[in-house]
Amino acid sequence: MNDSKVTRIGVLTSGGDSPGMNAAVRAVVRTGLFHGLEVYGIMRGYSGMVEDDIFKMESRSVANIIQRGGTVLKTARCKEFFEYEGRKKAYENLKKRGINGLVVIGGDGSFNGALKFSQEFDIPCIGLPGTIDKDIAGTDFTIGFDTAVNTAVEAIDKIRDTADAHDRLFIIEVMGRDAGYIALHSGIATGAEHILIPERKTDIDAVVSSLQEKEKRKKLVNLIVVAEGDEFGGGEEVAKHVKAKLPNVDTRVCILGHIQRGGSPTCLDRLIASRMGYHAVESLMTNRYNVMVGIQNNKMHYTPLENAVKAKQKINEEWMKIVKILAS
Ligand code: ADP
């Protein structure tokens, strides 16, 4: 028996896309239907809410999508939603359909929007962390991170083969404007010699002297994994500095780019997306509102939206030490 006032829910994907968003949408739709709710899909994030691009979803609407990257609901960035007028329009479009609960799958920007919206209008919102960057507090996982890292690992392994054939230094740029998790995880997993991330100062002199020292030992194959938002501004910039100091080292840059956002989600991403989507609806059914559903220590963890938007995860110091020791 539930005493929830939520009877019709909307679901949307917003901000940067990430693999596994479809699995989360599927879980929200099917859990909602299981509870006898009406479920509405909202297209292109908050844009669909403002422009009234909303449609009723059935169980079949989410058939055959769990394995697909991208998002069937599409995603977008919506300028109008930053303004009260835009959010009011969005509210009216929900209200006329009787939608009284919202699940937002996106990053911290999307949660900012959801928080404002829920404070201004009487519509409870649940956030699900959908971002490849894993830079949201209150959860050990974000939907899409594992897929992005595995894509990066596969690509870096291939680069290592060609680096090895030519005795080259490769500087590989991975995504992460503000967060270094993709660089850190993929760099450790591929045995990178250096990992440069936004959370740490980039000590180019230390990188150069370690490369010089390795050259003396005839260790000529070296990989440096750089997050796009490192202090120098990514792979090309780091390469310029390294080449200036080591002109004789055969150096190449590879920017992995958007392949990290695409592709079929890994088992882990499908699993966490399914669990989070299920618990998003369960939260609404038990009147637990305006929280982000995360997972910590393999248990569901609920973070008030205002805290999910502010804090970032911390880089584990021990991991940085491991990088140094294992690359020696
Ligand atoms: P992400 O969710 O991936 O971090 P963005 O930061 O681009 O992506 O945010 C996605 C959308 O969320 C924005 O285009 C906007 O519509 C909405 N949004 C973000 N921040 C706010 C805010 N402070 N107020 C209202 N809406 C916001």
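Under an unreviewed UniProt entry, the name given to the protein chain is ATP-dependent 6-phosphofructokinase, and the source organism is Flavihumibacter solisilvae. According to the UniProt record, the Function (unreviewed entry) comment for the protein chain is "Catalyzes the phosphorylation of D-fructose 6-phosphate to fructose 1,6-bisphosphate by ATP, the first committing step of glycolysis." Per UniProt, the protein chain has the following entry under Catalytic activity (unreviewed entry): "beta-D-fructose 6-phosphate + ATP = beta-D-fructose 1,6-bisphosphate + ADP + H(+)".

Visitor: Which parts of the structure should I look at to understand helix α3 (residues 84–95)?
Guide: An α-helix turns once per 3.6 residues; consequently, residues spaced three or four apart project the same way. For α3, built from 12 residues, the straight-helix expectation of 16 Å at 1.5 Å per residue is met to within 8% by its first-to-last C-alpha distance of 16 Å. Those residues of α3 that fall on the buried side of the exposure criterion are Gly86, Arg87, Ala90, Asn93 and Leu94. For α3, the buried positions fall inside an angular range of 115 degrees around the axis, keeping them on one side. Opposite the packed face of α3, turned more than 90 degrees from it, sit the exposed residues Glu85 and Lys95.

Visitor: Which parts of the structure should I look at to understand the sheet that holds strand β5 (residues 125–129)?
Guide: What links the strands of a sheet is backbone hydrogen bonding, and the strands pair in either a parallel or an antiparallel sense. The seven strands lie next to each other as β3-β2-β1-β4-β5-β10-β11, forming an open sheet whose pairing is mixed. Lying at the two open borders of the sheet, with one neighbouring strand each, are β3 (54–57) and β11 (299–304). Neighbour-to-neighbour, the strand axes of the sheet open up by a mean angle of 30 degrees, direction not taken into account.

Visitor: Mind showing me how you'd approach the domain arrangement of the protein chain here?
Guide: By a widely used convention, the size of an interface equals the accessible area lost when the partners come together. Per the domain assignment, the segments of the protein chain are domain 1 (8–144 + 265–310) and domain 2 (145–261). On the side of domain 2, 13 residues touch domain 1, which itself brings 15 residues to the contact. Surface buried jointly by domain 1 and domain 2 totals about 1200 Å² across both partners, of which 56% is contributed by carbon and sulfur atoms. Viewed at the interface, domain 2 and domain 1 are joined by zero salt bridges. Residue composition of the side of domain 1 that touches domain 2, grouped by class: five nonpolar, five polar and five charged.

Visitor: What's the story with the environment of Gly48 in this structure? I'm lost.
Guide: Relative to the assigned elements, Gly48 resides in helix α2 (residues 46–50). By relative accessible area, Gly48 is classed as buried at 0%. Between the C-alpha atoms of Gly48 and Leu12, which are 36 residues apart in sequence, the distance is 8.5 Å. Residues contacting Gly48, with those up to four places away along its chain left out, are Ile42, Met43, Asp53 and Ile54.

Visitor: Even after reading the chapter, I still don't get the site of the ligand, so can you show me in this structure?
Guide: Near the ligand, the surroundings consist of 16 residues, among which Arg77, Cys78, Gly107, Gly109 and Ser110 are the closest. The backbone of Gly16 places a nitrogen or oxygen atom 3.1 Å from an oxygen atom of the ligand. Within the side chain of Asp108, an N or O atom sits 3.3 Å from an oxygen atom of the ligand. Examining the composition of the shell around the ligand, we find that six residues originate from one element, helix α4 (residues 108–120), more than from any other. Looking at the shell around the ligand residue by residue, the class counts come to four nonpolar, eight polar and four charged.

Visitor: Where do I start with the sheet that holds strand β7 (residues 194–196) in this structure?
Guide: Across the sheet, four strands lie side by side as β7-β8-β6-β9; this open sheet has parallel pairing. The open sheet terminates on both sides in strands that have one partner only, identified here as β7 and β9 (251–255). Neighbour to neighbour, the strand axes of the sheet diverge by 20 degrees on average, direction disregarded. For β7 and strand β8 (residues 222–227), the ladder comprises three bridges, and the chain directions are parallel. Along β8, the bridge assignment pairs Leu196 with Val226.

Basis of the calculations
Residues numbered from 1 in each chain as written. Predicted model: local features only at pLDDT ≥ 70, side-chain atom pairs only at ≥ 80, totals over all residues. Heavy atoms only, no water. UniProt positions renumbered as here; feature names shortened; annotations may be inferred. Helix = DSSP H or I, 4+ residues; strand = E, 2+ residues; numbered from the N terminus. Expected span 1.5 Å × (residues − 1). Buried < 20%, exposed > 50% of the residue type's maximum accessible area, 1.4 Å probe, protein only. Arc of directions from axis to C-beta. Pairing = 2+ DSSP bridges. Axes fitted to C-alpha atoms, helices over the stretch in contact; angles between N-to-C directions. Domains from an automatic or database assignment. Contact = heavy atoms within 4.5 Å. Buried area = accessible area lost by both parts, 1.4 Å probe. Salt bridge = Lys/Arg side-chain N within 4 Å of Asp/Glu carboxyl O. Nonpolar A, V, L, I, M, F, W, Y, C, P; charged D, E, K, R; others polar. Near = heavy atom within 4 Å. Polar contact = N/O pair within 3.5 Å; in protein donor to acceptor, adjacent residues only side chain to side chain.

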